[in-house]
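Report on the structure
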Amino acid sequence: MSTGNRLLDRLAQGVMVFDGATGTQYQARDLSDNEFILPDRADLPDAVRAAAQRMDGKLLDGCNEILVFTRPDVVEQVHLDYFAAGSDLVETNTFGSTSIVLAEYEIPELVYDVSLAAARIAKGAALKASTPDRPKFAVGALGPGTKLVSLGQTSFDDLHATYTESFRGLLDGDVDALLLETLQDLLMVKAGILAAKDAMSATGRRVPLFVQVTMEQTGTMLVGTDILAALNMIECSPEVVAVGMNCATGPVEMAPFVRTLSQHSTRPLSIQPNAGLPVMEKGQAVYKLGPKELADHHEEFVNEFGVAIVGGCCGTTPEHIQAVAERVGGRPHGTNAHWQQVRNLFPGFDFRIQSDEQAEAVKLRGCSSLYQFVPYEQDNSFLIVGERTNANGSKAFRDMLGVENWDGLTELARELEQEGSHVIDVCTAYVGRDEVRDMRTLLSLYNQHIQAPVMIDSTEAPVIEASLKCLAGKPIINSINFEDGEARTRRVLELCQRYGAAVVGLTINEAGMAKSREDKVAVAERILSFTREYGLPDYDVFIDTLTFTLGSGDEEFRLSAVETIEAIREIRRRHPLVNTILGVSNVSFGLKPAARVILNSAFLHFAREAGLTSAIVHASKIVPENRVEPEVWKIVTDLVHDRREFASV
Ligand code: THG
C-alpha cells in the first residue's frame, strides 16, 4: 500500500540506512584555509556576496557550513561516497545552519542561503545515486546549536525563528525529509518541531520529520531529561515519523535507551551511535569501534528492538556504513518493537489520533517536565495536582509574588513536590501585576528547578502561550470553557495542538456553570467535540465537573456535590479514556480549617469511587477514611450526598 510519499513507502518496506560522520570526511580531503573564506563570486546569492565583501577575506576556521559555497563538489562527493557505501539517506551539510552558530562566524544572516545551497547539493547527489529500485534521499538536518533555552542562554522565540528560516531553506532546496539531531534540551526539541511545522506550512511542502535526541553517559540528556519525558513530548506531534538518538556514546551505552524507546514508542526508531566512546590520543578524540562491530550492534538493534533507521555519528566512516548496510539494509521489520505491534493502527505513518484504538496504542499517556514523565494513571492513587502555587489559592504565594521573592516561590513548589504532588497547578493572576511577565519568570525557574510537570492555571491565551514557551516537556493547560462562547476556547486549543499540551475543560457554558448532572455531561460532550477537532487524544483531556461550596448551607447548592460526582460517573462510563479532575478544596470554602480537611477528603473519596482520575488538592491535608472518626465520616458523607437527616445531627 502506498503512503503517497516515496520515503515512507521505502521505510514501510524495511530498514533504512543513514550516513556517517561528515566533518572527518572533509578533513580527510585536506582542504586549505582558502576553502574557509567566503568567496565573492558572481554565481552566489547577493547575501553571500555582501557578507564576503564585509568579511574581506577573513578565515572562518571550522565553519564547515560555508563549504556549500566554497567546495560544493567536496560536499557532494562525501554524500556520493555514503550513497555508494549503501546509505539510503544522507544529511545535508547544515549541522550548524542556525543564526546562533553562524553568528559565531559573524554571518548569522546566511542561514537561509546555506540551507538552500546544502539542500540542493544533497538532493542532487540523491538523484544521481538513485536507481529505479533503490531510491536515495536527502534529509535536511539541523543540530542543536550552541545554546540551551532551558538554561536561559537563548530564547525560545529566537531559536524557533532561526530553525524555521533554516528549515525553509532546506524545503525550498527540495529535501525529502527534515531531521532534528543531537538535541540536548527539550525546549530546543519543542522549538525545533514547531519550526519544522511552521516551515512546512510556509513552503506548502509536507515531508516526514525525524527527531533524534542525545543521551549522555550519565543516563539523561545534557540538562537531566529522562528518555521517557523526551518521548512523551515528541509524541504530541503527529508530524514526527521517527524518533531516536545520536551522538555522545556508542551503541553499547545506547542499548538501554533503545530498549526503552522500543517498548514505548509508537514511532519507528532511528539510531546513530558514535563509533564507541572517544579515547583521547595526543589531545585528539579517537573513536575505536570498527565497522564490523557497529554492524553487529545495529543487527542486534534491528532484531531485538525493531530499529528501523540505522546510521553512524562521530567516528563513523563510509566503511562503517558499508558494513551496516550489507548487514541490515532493507531487512524487513520484525514485530519486537511496540511501534511494529501497533503499526497497522497508523497506516501511512499518519500519527494523528482519531480513534480509541489508536489512543490505547499510545503507552505514554501522561505529561512531562524538563526532567521526567508522569503518567496520568497512578498506581493506587489519583493524579495529585498541588494547589498552593496559586495567587488566588494561597496567601503565602500571593505575598511572595507581591515582593517578587522568586526563591521563596520556587521553594514553595518544592514543598508541594515533597508532600506528594505529581503535578503543580500554577496561577499568577494578581490584580495590578503583569501576569504574562510573572508566568514567564516563574515558569522559567520551575522548568529548571522543579521535577513535577506544570498545570498552567489561566484562561488567557497570551498568558498560556508565554507559559508554553517556558516549559519543556508536555504541560497541562487549565482551562477552557464556553462562558464567553467558543472563540477563546478555539484559541487555546490551537495552542495545545501547536505546542503539545493536555487540557482541562470546565463544564461551564454561555449560561454559566452547569448545575445538573445532565447539563455537566452535555457540556463535557461539547468540550470533547472541540478537543477532538483540534487533534487532542481523549486521554489528554481532563473534564472538570466543578462544584460549589457546601459550606454556605444554601438550599440551591445542597445537591452540588452529588451532581458533580454523578456527572463524573457518567463521563467515565461514556469515555473511559477521558480524565476527570476537580478542584477539591472548592467544596469547603467558608468552613473552618479542621472541617475543610474532613469534607475535602470525603468529597475526594466519593468522587474517586465514581471514577475521578485526578484532583487539585493540598496533598498533605487529605486524610483517608480510616483516619476519621466514624461519626464524623458519616456526617460529611451525608453532607456530600445531601442526605437530609444530616440537618438534625
Ligand atoms: N478547577 C480547576 N482549576 C482550579 C479550581 C477548580 N484552580 C483553582 C482552584 N479551583 C483550585 N485551587 C485551590 C487553591 C487553594 C484553595 C482552593 C482551591 C484554598 N485555599 C485556602 C483558602 O482560600 O481558604 C487558602 C490557604 C492559604 O492562604 O494558604 O482553599 O475547581 N480546573
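Further up the page is the structure itself.
None of these values were measured; they are calculated from a predicted model.

1. Section: the pattern of salt bridges
- Scanning all chains against the criterion turns up 44 salt bridges.
- With its nearest N and O atoms 3.0 Å apart, the salt bridge here joins Glu-35 to Arg-71. Residue Glu-35 is found in the loop between helix H2 (23–27) and helix H3 (46–55), and its partner Arg-71 is found in the loop between helix H4 (67–70) and helix H5 (72–85); the two are separated by 36 residues along the sequence.
- Residue Glu-35 is classed as buried on the basis of its relative accessible area, which comes to 13%.
- Given a relative accessible area of 24%, Arg-71 falls into the partly exposed group.
- Between Glu-533 and Arg-490 there is a salt bridge, and its shortest N-O distance comes to 2.9 Å.

2. As for the site of the ligand
- Taken together, 17 residues sit near the ligand, with Lys-395, Asn-478, Asp-544, Asn-586 and Arg-596 positioned nearest.
- With respect to the ligand, the backbone of Gly-393 contributes an N or O atom lying 2.9 Å from a nitrogen atom.
- A distance of 2.9 Å separates a nitrogen atom of the ligand from a polar atom in the side chain of Asn-478.
- Protein burial of the ligand: of its 670 Å² of free accessible surface, 73% is covered by the chains.
- Broken down by class, the residue content of the shell around the ligand amounts to four nonpolar, seven polar and six charged.

3. Some thoughts on the nonpolar core
- Leu-38, Ile-107, Leu-178, Val-189, Met-245 and Tyr-446 are the most contacted members of the largest nonpolar core, which has 202 residues in total.
- For this core, the element with the highest residue contribution is helix H9 (residues 186–203), accounting for 11 residues.
- Ignoring any residue separated from it by four or fewer positions in sequence, one finds Met-245 in contact with Gln-212, Val-213, Met-215, Ile-227, Met-254, Phe-257, Val-258, Leu-261, Ser-270, Ile-271 and Gln-272.
- Judged by nonpolar contacts, the second largest core, of 27 residues, contains Ile-384, Leu-550, Leu-604 and Phe-606.

4. Description of the packing of H9 against helix H10 (residues 227–234)
- Two elements in contact, H9 and H10, have axes whose closest approach is 11 Å; the angle formed by their N-to-C orientations is 20°. In this view, H9 runs roughly parallel relative to H10, as classed from their interaxial angle. Seen along the crossing, H9 lies across H10 with a hand that is right-handed. Seen from H9, the contacting residues are Leu-186, Val-189, Lys-190 and Ile-193; seen from H10, they are Ala-229, Ala-230, Met-233 and Ile-234.

The rules we used
- Residues numbered from 1 in each chain as written.
- Predicted model: local features only at pLDDT ≥ 70, side-chain atom pairs only at ≥ 80, totals over all residues.
- Heavy atoms only, no water.
- Salt bridge = Lys/Arg side-chain N within 4 Å of Asp/Glu carboxyl O.
- Helix = DSSP H or I, 4+ residues; strand = E, 2+ residues; numbered from the N terminus.
- Buried < 20%, exposed > 50% of the residue type's maximum accessible area, 1.4 Å probe, protein only.
- Near = heavy atom within 4 Å.
- Polar contact = N/O pair within 3.5 Å; in protein donor to acceptor, adjacent residues only side chain to side chain.
- Areas by Shrake-Rupley, 256 points an atom, 1.4 Å probe, with all protein chains shown as cover.
- Nonpolar A, V, L, I, M, F, W, Y, C, P; charged D, E, K, R; others polar.
- Core = buried A, V, L, I, M, F, W, Y, C linked by side-chain atoms within 4.5 Å.
- Contact = heavy atoms within 4.5 Å.
- Axes fitted to C-alpha atoms, helices over the stretch in contact; angles between N-to-C directions.
- Parallel < 35°, antiparallel > 145°, perpendicular 65-115°, else oblique.
- Left-handed = near helix turned anticlockwise from the far one by under 90°.

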